[in-house]
Amino acid sequence: QVQLVESGGGLVQAGGSLRLSCRASGRTFSRNAMGWFRQAPGNEREFVASISWNGVGTAYADSVKDRFTISRDNAKNTVYLQMNSLKPEDTAVYYCAATYYSSISTNPANYEHWGQGTQVTVSS
């Protein structure tokens, strides 16, 4: 059974940092691009960041560019999201996902597997 399990969420003050992890089990995703999305109450799920299968290609939403960094360790079947300079508007449930493809994607329809999500709350 394929599972993506996120961890590292929590409550942090504005300006602080968190590092999210997403560990995959059940199969390897070393040939798949991976991504992070988020959903705040009352909002649609939105793209945050994506990374290609080999980590060379990355993409970010404009709202998180220069603050968030996505990375991966294929040996550990794990993807990370380093979040710095957090703002209250970053508050959301963050989801890890694996695409059908090897290249990055901002479209959630291109993602085959999803984690259950981890809550990030940024206080002002």
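Structure: see above.
Rules behind the numbers
- Residues numbered from 1 in each chain as written.
- Predicted model: local features only at pLDDT ≥ 70, side-chain atom pairs only at ≥ 80, totals over all residues.
- Heavy atoms only, no water.
- Helix = DSSP H or I, 4+ residues; strand = E, 2+ residues; numbered from the N terminus.
- Rg over C-alpha atoms; globule rule 2.2 N^0.38 Å.
- Pairing = 2+ DSSP bridges.
- Axes fitted to C-alpha atoms, helices over the stretch in contact; angles between N-to-C directions.
- Core = buried A, V, L, I, M, F, W, Y, C linked by side-chain atoms within 4.5 Å.
- Buried < 20%, exposed > 50% of the residue type's maximum accessible area, 1.4 Å probe, protein only.
- Contact = heavy atoms within 4.5 Å.

Draft legend 1. Expanded view of the overall build of the protein. In terms of regular secondary structure, the protein is built from zero helices and 11 strands. Starting at the N terminus and ending at the C terminus, the protein contains elements arranged as β-β-β-β-β-β-β-β-β-β-β. Taking 2.2 N^0.38 as the reference for a compact globule, 124 residues should give roughly 14 Å; the C-alpha atoms of the protein span a radius of gyration of 13 Å, in line with that estimate. Summarising its shape, the C-alpha atoms of the protein cover approximately 40 × 25 × 25 Å along the three principal directions.

Draft legend 2. Here's a closer look at the sheet that holds strand β7 (residues 68-73). Spatially, the four strands line up as an open sheet ordered β1-β3-β8-β7, and their pairing is antiparallel. The strands lining the two open edges of the sheet, one partner per strand, are β1 (3-7) and β7. When strand polarity is set aside, the average angle formed by the axes of neighbouring strands in this sheet is 15°.

Draft legend 3. Looking closely at the nonpolar core. In terms of nonpolar packing, the biggest core is built from 32 residues, with Trp 36, Leu 81, Met 83 and Tyr 94 touching the most fellow members. At the level of elements, β3 (18-25), β4 (34-39), β5 (46-51), β7, β8 (78-83), β9 (92-99) and β11 (118-123) are the ones that each hand at least two residues to this core. For this core, the element with the highest residue contribution is β9, accounting for five residues. Leu 81 has contacts with Leu 18, Arg 19, Leu 20, Trp 36, Val 48, Ala 49, Phe 68, Thr 69, Ile 70 and Tyr 94, leaving out every residue within four places of it along the chain.

Draft legend 4. Representation of unusual backbone geometry within the structure. In this structure, Asp 66 is a non-glycine residue whose phi angle is positive, near 75°. On the secondary structure map, Asp 66 appears in the loop between β6 (58-60) and β7. Overall, Asp 66 belongs to the exposed group, its relative accessible area being 80%. In this structure, Ser 85 takes a positive phi of about 50° despite not being glycine. Tracing the chain through its elements places Ser 85 in the loop between β8 and β9.

Draft legend 5. Layout of the environment of Cys 22. Topologically, Cys 22 is positioned in strand β3. A residue is classified by how much of its surface remains accessible, and Cys 22, at 1% relative accessible area, is buried. A sequence separation of 94 residues divides Cys 22 from Gln 116, and the C-alpha atoms of the two residues are 10 Å apart.

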